[in-house]
Amino acid sequence: MLKGIGNLVLKELKELMRDPKILLGMVLMPLLMFPLMGTIIGASMEATKEKLAEMHVLVWDKDCGSYAKNFTEYLRSYGIRVHEVDVSKLSEAVALMPDYNATLLIEIPNGFSENVSRVIEGNTTVSAKVEVYGVFSGSGMFEEVGVSMVDALVESYNRQKAPNPVGVEKNTIVKGEILEGIDPGTVSGLMMAQSITMPLTIMMLLTFAMQIAATSVAMEKEEKTLETLLTLPIGRFTILAGKLAGSTIVAAVGALAYLVGFQYYMSSFTGMIPAEGVDLAALGLVPSMLGYVLIGISLFVSLLSALALAIILSAFAENVRSAQSLIGFVYPLIFLPSFLLMYMDISMLPLSLQILILAIPYSHPILASKAVIMGNLSTAVLSIIYVSAFTVVILYAAAKLFATEKILTVKLRMKKLKIKWKRKASTES
Amino acid sequence: MDYAVRVEELRKVFGDVQALNGLSFSVDKGEIFGLIGPNGAGKTTALRIVSTLLLPTSGKVEVFGLDVVEQPEEVRKVLTYLPEEAGAYPNLSGREYLEFMAKFKARDKHELKEFVEEAAVISGLGERLKDKVKTYSKGMKRRLLVARALMTKPRLAVLDEPTSGLDVLHSYHVREIIKRYVKKHEVTVLLSSHNMLEVEYLCDRVALLNKGRIIAEGAPEELKEKFESANLEEVFAKVVKIA
Ligand SMILES: Nc1ncnc2c1ncn2[C@@H]1O[C@H](COP(=O)(O)OP(=O)(O)OP(=O)(O)O)[C@@H](O)[C@H]1O
Ligand SMILES: [Mg+2]
């Protein structure tokens, strides 16, 4: 029935597997990519754990009774760095937090010890409350780990003493503002959706744009139109600029669509969950107009550098298929930061990884967006400057390539390289 | 006298391959000059260097006195190049392709229209120019590209195997056009071909290339006389054997 299929499949395999670019892209890449991702995520979890171990907690003990002291000691016994502060107002305590590098503030109210002892003696079931204030920094998935840890510690403290003598009231601090009765988990849950969607969308946009640019050059080669184009009375840089502009327009439409979608997405949260009173816009967690402009610029320069890089790479390919597999080599540089920054903030990573992420230009639209949301416009500007510099370098290289005969002959060099390898291999064996 | 093309001691090395090995020839203004030679002789390489696509390893090439290495942009203004293997943008219609190409040379709308009308005549594609290039046969595509190269009446047309893939009638048609163009519009033509009949009929002078250098040169009549052959095919066979 399928007579000859074996022969056909054999031909397909030979044809595909003998293209070194496909082999590298399809086989080697995943083999490298996943262990690398694993290692990096593992390292990041480790870093998060370390960060937690060094978590600084401010305790404002208004009660000063024996159970209050006992509770503070209990926290200390778990290795948490507790700093006791003596202030008269909550805002003063919050203001002190940065001095201690603290992300949590625990307020032990007046009458705490008395309340606890009454519960223990069985005179009441109304537990004594501690007020926990967690700082929301928009850092990533493990944002509210600090608060949940206090939750867990209170739980185990309760188990030691009696049924529920202590309860936790959660509050959030955003950009120095205190939001009473709002769980940092809720805020971070809301932000979470965005912190996953954004890197994912940027990732799709960048890879899509690179595909377009690489295809446009490879098509000229595949359809044999490049030679004619290069003998026309127009500057070589003009040809390159034309290619870039074409792909940029398509990509800019993409970036715009992204921004509109993102804006809509963000605004769809405003006024949501009114019962809890969480309104991201009111919390200042929605970018300002200037913020959106900065996000747009950051995205645009990153796109431009990705496009120029795709054009350079596709010059090495003789057809669309191999151009696609060549730009596949850049994808890890796009995927890695996207996935990493989905889970955590760059500040939580080990220094070496931080440097790596900062060096990759494709991390910057994500970093800039996060910075803009947290109100660090200057960080976003710095990031734009870095990516622009990178883009200029890549553009220069692309211009050089177009100015010489290399755009036509460069692939043959690769063939020669292969022959050399083969010769070397055969002389060695 | 000034030459249209002057090639002196041209060498081109690709890695281990010596594609051109001291090639010298010159093409007079208004003449049709043919490069012939076996596969891999270096014809395409020579034409690509003249057309500023490749850089010579050594030697000198001038087009109307313009150095192809020093002034490639000036050279590109005076010539058109028809590659041996060329295509057109598959999703453009034939007419759109011609308009796209003509816009680079036309000085105004009027001239643009003139170029495209000219190309319509040369290609003989008629109504099919409205169709997308991807629906064309190989020969139709070739005719479109030949028309593209000639429509702007360049001072020099470099044509690498202009009639390859064309049927007898269309080859004949293209040859007539080339011949007429040279007379009427003072176009100089540098071409390569494997078709000895064509070369004999078209070319004022031919150069026989082998292994990157010229082994015989002259008017077809002269060559036939010199090598006591009935036609160029025989000359070709004899000369290549000797070399
Ligand atoms: N880009 C390139 N890289 C490496 N070698 C090349 C390249 N272009 C041509 N060559 C080599 O240079 C030599 C001359 O090739 P060229 O294409 O000029 O021959 P040709 O005379 O046009 O042949 P044909 O009649 O088959 O078209 C050949 O040996 C070829 O393999
Ligand atoms: Mg050739």
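About the criteria used
- Residues numbered from 1 in each chain as written.
- Chains lettered and ligands numbered in written order.
- Predicted model: local features only at pLDDT ≥ 70, side-chain atom pairs only at ≥ 80, totals over all residues.
- Heavy atoms only, no water.
- Helix = DSSP H or I, 4+ residues; strand = E, 2+ residues; numbered from the N terminus.
- Expected span 1.5 Å × (residues − 1).
- Buried < 20%, exposed > 50% of the residue type's maximum accessible area, 1.4 Å probe, protein only.
- pLDDT = per-residue confidence, 0-100.
- Phe/Tyr/Trp six-rings, centres within 6.5 Å; stacked < 30°, edge-to-face > 60°.
- Lys NZ or Arg CZ within 6 Å of the ring centre and 35° of its normal.
- Pairing = 2+ DSSP bridges.
- Axes fitted to C-alpha atoms, helices over the stretch in contact; angles between N-to-C directions.
- Contact = heavy atoms within 4.5 Å.
- Core = buried A, V, L, I, M, F, W, Y, C linked by side-chain atoms within 4.5 Å.
- Domains from an automatic or database assignment.
- Near = heavy atom within 4 Å.
- Polar contact = N/O pair within 3.5 Å; in protein donor to acceptor, adjacent residues only side chain to side chain.
- Areas by Shrake-Rupley, 256 points an atom, 1.4 Å probe, with all protein chains shown as cover.
- Buried area = accessible area lost by both parts, 1.4 Å probe.
- Salt bridge = Lys/Arg side-chain N within 4 Å of Asp/Glu carboxyl O.
- Donors = N, O, S within 2.8 Å, 3.2 Å for Na, K, Ca; no water.
- Arc of directions from axis to C-beta.

K.L.:
Help me understand helix α10 (residues 289–314) of chain A in this model?
P.N.:
Count 3.6 residues to each turn of an α-helix, and residues three or four apart come out pointing the same way. Taking 1.5 Å of rise per residue, 26 residues should cover 38 Å, and α10 of chain A covers 37 Å from first to last C-alpha, within 8% of that figure. Extensive coverage of α10 of chain A is indicated by the burial of 20 of its 26 residues.

K.L.:
How should the confidence of the model for chain B be read in this particular structure?
P.N.:
Detailed reading of the predicted coordinates is not advisable wherever pLDDT is low. The pLDDT averaged across chain B works out to 93; a share of 99% of its residues lies at or above 70. Reported confidences for the modelled complex are a pTM of 0.75 and an ipTM of 0.92.

K.L.:
Any chance you could explain the packing of aromatic side chains here in plain terms?
P.N.:
Two measures describe an aromatic ring pair: the distance that separates the ring centres and the angle between the ring planes. Applying the stated criterion across every chain, the model contains nine aromatic pairs over all chains. Judged by centre distance (5.2 Å) and plane angle (55°), the rings of Tyr 74 of chain A and Tyr 78 of chain A are tilted. Look at Tyr 89 of chain B and Tyr 97 of chain B: their rings are 6.2 Å apart centre to centre, the planes differ by 50°, and that puts the pair in the tilted class. For Tyr 97 of chain B, a relative accessible area of 1% translates into the label buried. A cation sits over an aromatic face here: Arg 155 of chain B above Phe 64 of chain B, 4.0 Å from the ring centre. Seen from the ring of Tyr 201 of chain B, Lys 179 of chain B lies directly overhead, with NZ or CZ sitting 4.3 Å from the centre.

K.L.:
Mind showing me how you'd approach the sheet that holds strand β8 (residues 188–192) of chain B here?
P.N.:
Backbone hydrogen bonds are what pair the strands of a sheet, in a parallel or an antiparallel way. All names here are of chain B. A sheet is described by the order of its strands in space; here six strands give the open sequence β6-β7-β8-β3-β9-β10, paired in mixed fashion. Two strands close off the open sheet at either side, each with one partner strand: β6 (79–82) and β10 (213–218). Each strand axis lies, on average, 15° off the axis of its neighbour in the sheet, ignoring direction. Of the pairings in the sheet, the one linking β6 to strand β7 (residues 156–160) comprises four bridges and is parallel in character. Residue Thr 80 lies in a different strand from β7, and its bridge partner there is Ala 157. On top of the sheet, helix α5 (residues 138–151) reaches β6 and β7; it is set at about 165° to β6, its chief contact. Where helix α6 (residues 168–185) meets the sheet, it contacts β3 (32–36), β7 and β8, and its direction lies at approximately 140° from that of β3.

K.L.:
Sorry if this is basic, but what is going on with the nonpolar core here?
P.N.:
In a soluble, globular protein the nonpolar side chains are often hidden away together inside. Of all hydrophobic cores here, the largest spans 157 residues; its most connected members are Leu 35, Val 50, Leu 144, Leu 156, Val 189 and Leu 190 of chain B. No other element matches the 13 residues that helix α7 (residues 184–222) of chain A contributes to this core. Two domains share this core, each providing at least three of its residues, namely domain 1 (52–182) and domain 2 (186–423) of chain A. Aside from chain neighbours lying at most four places away, what touches Leu 144 of chain B is Ala 88, Gly 94, Tyr 97, Leu 98, Ser 123, Leu 125, Leu 129, Val 133 and Tyr 136 of chain B.

K.L.:
Got a minute to help me understand unusual backbone geometry in this structure?
P.N.:
Excluding glycine, a negative phi dihedral is what most residues carry, and trans is how most peptide bonds are arranged. Residues and elements named next belong to chain B. Of note in the backbone geometry, Lys 153 takes a positive phi value of approximately 50° without being a glycine. One non-glycine residue, Glu 228, lies in positive phi territory at about 45°. Turning to its location among the elements, Glu 228 is positioned in the loop between α8 (220–226) and α9 (232–242).

K.L.:
Can you help me understand the site of ligand 1 in this one?
P.N.:
Residue and element names in this part refer to chain B. Among the 15 residues in the neighbourhood of ligand 1, the closest are listed as Gly 40, Lys 43, Thr 44, Thr 45 and Glu 84. A distance of 2.8 Å separates an oxygen atom of ligand 1 from a polar atom in the side chain of Lys 43. Between Glu 84 and ligand 1, the recorded distance is 2.7 Å, taken from a side-chain N or O atom to an oxygen atom. Summarising the interface, the protein chains cover 73% of the accessible area of ligand 1, which totals 630 Å² for the free molecule. Within the residue set of the shell around ligand 1, elements represented by two or more residues are β2 (17–28) and α1 (43–50). Among the elements that line the shell around ligand 1, the one with the most residues is α1, at three residues.

K.L.:
Explain the interface of chain B and chain A to me, please; I cannot follow it from the model alone.
P.N.:
Note on interface size: it is often stated as the accessible area lost on association of the parts. Contact residues are listed per partner, giving 25 residues for chain B and 19 residues for chain A. Of the roughly 2,100 Å² buried between chain B and chain A on both sides combined, carbon and sulfur atoms contribute 60%. The largest share of the area that chain B buries against chain A comes from Leu 53, Arg 76 and Phe 104 of chain B, three residues that together contribute 29% of it. Where chain B touches chain A, the interface holds three salt bridges. For the salt bridge of Glu 405 of chain A with Lys 12 of chain B, the shortest nitrogen-to-oxygen distance reads 3.1 Å. For the interface between chain B and chain A, the tally reads eight residue pairs in polar contact (both at pLDDT 80 or more). Residue assignment for the side of chain B that touches chain A shows that the elements contributing at least two residues are α2 (72–78) and α3 (94–102) of chain B.

K.L.:
What's the story with the sheet that holds strand β5 (residues 66–67) of chain B in this structure? I'm lost.
P.N.:
All names here are of chain B. Pairing is antiparallel across the open sheet formed by four strands, whose spatial order is β2-β1-β4-β5. With one partner strand each, in any of the chains shown, β2 and β5 form the two edges of the open sheet. Bridge analysis of strand β4 (residues 58–63) against β5 gives two bridges, and the strand direction is antiparallel. Paired with Val 63 across the strands is Leu 66, a residue of β5.

K.L.:
Is there a simple way to think about the coordination of the magnesium ion (ligand 2) in this case?
P.N.:
Each pair of donors in an ideal four-coordinate tetrahedral metal site encloses 109.5 degrees, whereas pairs in an ideal six-coordinate octahedral site enclose 90 or 180 degrees. Residue and element names in this part refer to chain B. Protein coordination at the magnesium ion (ligand 2): the donors are Thr 44 (OG1) and Glu 84 (OE), at 1.9 to 2.5 Å from the metal. Highlighted residues: Thr 44 in helix α1 and Glu 84 in the loop between β6 and α3, separated in sequence by 40 residues. In this structure Thr 44 comes out as partly exposed when scored by relative accessible area, which is 22%. Since its relative accessible area comes to 32%, Glu 84 is described here as partly exposed.

K.L.:
How should I be thinking about the pattern of salt bridges in this particular structure?
P.N.:
A side chain of one charge can pair with a side chain of the opposite charge when the charged atoms of the two come close. Residues and elements named next belong to chain B. Tallied over the full model, the rule gives 29 salt bridges over all chains. Between Lys 60 and Glu 62 there is a salt bridge whose closest N-O contact spans 3.6 Å. Owing to a relative accessible area of 35%, Lys 60 belongs among the partly exposed residues under this scheme. Residue Arg 95 is joined to Glu 117 by a salt bridge in which the shortest nitrogen-to-oxygen separation is 3.9 Å. Linking Arg 95 in helix α3 with Glu 117 in helix α4 (residues 109–123), this pair joins segments that are 22 residues apart in sequence.

K.L.:
Where do I start with α3 of chain B in this structure?
P.N.:
Restricting attention to buried positions, one finds in α3 of chain B the residues Gly 94, Tyr 97, Leu 98, Met 101 and Ala 102 of chain B. For α3 of chain B, the buried positions fall inside an angular range of 130° around the axis, keeping them on one side. Considering only its buried residues, α3 of chain B is in contact with α8 (226–230) of chain A together with α4 and α5 of chain B.

K.L.:
Whenever I open this one, the environment of Leu 153 of chain A confuses me. Can you help?
P.N.:
Residues and elements named next belong to chain A. Turning to its location among the elements, Leu 153 is positioned in helix α6 (residues 145–161). Measuring from C-alpha to C-alpha, the distance between Leu 153 and Ala 245 comes to 58 Å, with 92 residues separating the pair along the chain. Dropping the residues within four chain positions of it, Leu 153 is found in contact with Tyr 74, Leu 75, Tyr 78 and Ile 80.

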